[in-house]
Amino acid sequence: MSATALLALIAALSAQAASPSPEPVFADRSAALGIEPSGQHAAWCDANADGWPDLRTNGALWLNRGGEAFTRVEAPGEGVVADIDNDGVGDLVSFAPIAVARGVRDGDSLRFEPLPLPELPKTVSRGVAVGDFDGDGFVDAYFGGYEDWPTQTTYPSILLLNERGKGFRVASTTSDRRTRGVTACDFDEDGDLDLYRSNYRLQPNALLVNDGKAVFTDDAAARGAIATSEGFAGGHSIGACFADFDNDGRFDLFAGNFAHVDSRGDQPKSRFLRNLGAARDWNFEDKAECGVWYQESYASPAAGDFDNDGDLDLFLTTVYATASFKKPNFPVLFRNDAAKAGAPWVFSDATAGSGLESLPPTYQAAWADVNRDGRLDLATAGKVFLNEGARSAHWLGLRLRGDGFRVNRDAIGAQARVTLPDGRTLTRQVEVGTGEGNANGPILHFGLGAHAGPVQVELRWPNGDTMSARIDGVDRVLELVLELPAP
């Protein structure tokens, strides 16, 4: 080969290596799917347990018919869906207003029957986290208490414990801070679900550590999880999400902070908090913005690997467009560029060319693979956007189910880990409640990049049991069921 040809080959290879990865392409397919996701919150679920992601929005549950169409079921209020009585049918857990309704099969559809609740203190809630907080095999509900307007009265957060599917009792109420978003995760891997409260009006966020019996202690300050900056006790947090952003097998935190720059100073920005693990007593390291550029009215975040490269990306909404701001605020899609950068905690704006440009203000942010084609889709801004980007990477979907006795039927709180040959450990959890009043899909989605071979999956169930499984075929959804004898 001549020197000229060799130089041309090197130049071509260099250009190929430096070329950016294909941009994601999201398309609004709401009308084609027959779906109208109105309201301010979006909760994916599998209400009829058929393996296809359904969607709950304001006043409606949209049942997924094989990924090709949705049908509407009346579902009063705003909130999430979870199987409270372990009968295999999703039930409504609403935060606006606080209410619970049992799901009942009605042919190939569902209907909902209100469940009486105990007398509750007056409150205003904008989000709920569902999980088995006391370890009895039935899911409970923690409602964040916010405020009214214009008096800004602080309303109580409420923990309702499930009495084995027959009803709920008030276990505790807390009126210390103005909470907007609530999310749950066993971040310290001790076998019980902990809570993170996103608090507003420059109040510190709360990391509620569970003692295993649904008694919580706020350890945010001691563990470095307030999500604030110097000179402020806390920020204006609206929503937060747990996710393993650096693929080390531990759940980190991202807090979305609405942040003014005014007479009170340069207020705390949105930020990533890295989980340092058992060796550092499960404390968090503040990684700051990591490329999440400043907008004043950031709100509800949702983590998901939309490009299937194995790194969790982030979609972050805003709540004001122009209003009194100096420039418009728009929701942003941030790509996790760890693989490209050769180091974790590097995020870039991937909104341009994605089909998600210039979206209006919204709190809706929730990921699910609507048509089970291996690409995560997005519910936001009153629409459902299908991911129609290139299928250039492999993936795996896991649907976990409990036995309904020791582990709740939805397996909420279960964690799954997949270790790739390059040393990354991809970690996901079954969660119901994230950001401010949203919920990602129940099928755990793993982007595998170029890896097409077998994978080893390690499961940690909410009751502490573990399970290992070798999966020989990827690019599919697989159901894994915990089968235990009734106690």
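Summary of the structure given here.

## Describing the pattern of salt bridges
Tallying each qualifying case throughout the model produces 32 salt bridges. Within this structure, Asp46, Arg399, Arg401 and Glu479 form a network of salt bridges that share partners.

## A short note on the pairing of strand 33 (residues 425-429)
Strand 33 sits mainly inside the fold: five of its five residues count as buried. Residues Thr425, Thr427 and Gln429 point to one face of strand 33 and Leu426 and Arg428 to the other, with burial holding for every one of them. Pairing of strand 32 (residues 415-419) with strand 33 involves five bridges; the strand directions are antiparallel. Its bridge partner lying in strand 33, Thr419 is registered against Thr425. Taking the residues between adjacent antiparallel strands as the criterion, strand 32 and strand 33 are bridged by five residues, where Gly423 takes a positive phi near 100 degrees.

## Considerations on the sheet that holds strand 34 (residues 444-449)
Taking strand neighbours across the sheet as the criterion, the three strands line up as 34-31-37 in an open arrangement whose pairing is mixed. Two strands bound the open sheet, and with one partner strand each, they are strand 34 and strand 37 (477-481). Taking the axes of each pair of neighbouring strands and ignoring which way they run, one obtains an average angle of 25 degrees across the sheet.

## Overview of unusual backbone geometry
Cis geometry marks the peptide bond from Ala96 to Pro97, where omega comes out at -5 degrees. Position of Pro97 among the secondary structure elements: in the loop between strand 7 (91-96) and strand 8 (98-106). With an omega of 15 degrees, the peptide bond running from Trp149 to Pro150 counts as cis. Assignment of secondary structure puts Pro150 in the loop between strand 11 (140-143) and strand 12 (157-162). In this structure, Ala214 is a non-glycine residue whose phi angle is positive, near 70 degrees. Positionally, Ala214 belongs in the loop between strand 16 (206-210) and strand 17 (216-218). With relative accessibility at 9%, the residue Ala214 sits in the buried group.

## Details of the side chain of Glu431
With respect to the secondary-structure elements, Glu431 resides in the loop between strand 33 and strand 34. Within the buried set, Glu431 has no salt-bridge partner at all; the shortest N-O distance to an opposite charge, 9.3 Å, is to Arg428. Within the structure, the side chain of Glu431 is placed 3.1 Å from the side chain of Gln429, a separation counted as a polar contact. Of the polar contacts made by the side chain of Glu431, one reaches the side chain of Asn440; its length is 3.5 Å. Dropping the residues within four chain positions of it, Glu431 is found in contact with Thr183, Ala184 and Asn440.

## Section: the pairing of strand 14 (residues 179-185)
Taken across its seven residues, strand 14 has seven buried, putting it largely inside the fold. Pairing geometry for strand 14 and strand 15 (residues 194-199), over six bridges, is antiparallel. Bridge assignment links Ala184 to a residue of strand 15, and that residue is Leu195.

About the criteria used
- Residues numbered from 1 in each chain as written.
- Predicted model: local features only at pLDDT ≥ 70, side-chain atom pairs only at ≥ 80, totals over all residues.
- Heavy atoms only, no water.
- Salt bridge = Lys/Arg side-chain N within 4 Å of Asp/Glu carboxyl O.
- Buried < 20%, exposed > 50% of the residue type's maximum accessible area, 1.4 Å probe, protein only.
- Helix = DSSP H or I, 4+ residues; strand = E, 2+ residues; numbered from the N terminus.
- Pairing = 2+ DSSP bridges.
- Axes fitted to C-alpha atoms, helices over the stretch in contact; angles between N-to-C directions.
- Lys, Arg positive; Asp, Glu negative; His and termini not counted.
- Polar contact = N/O pair within 3.5 Å; in protein donor to acceptor, adjacent residues only side chain to side chain.
- Contact = heavy atoms within 4.5 Å.

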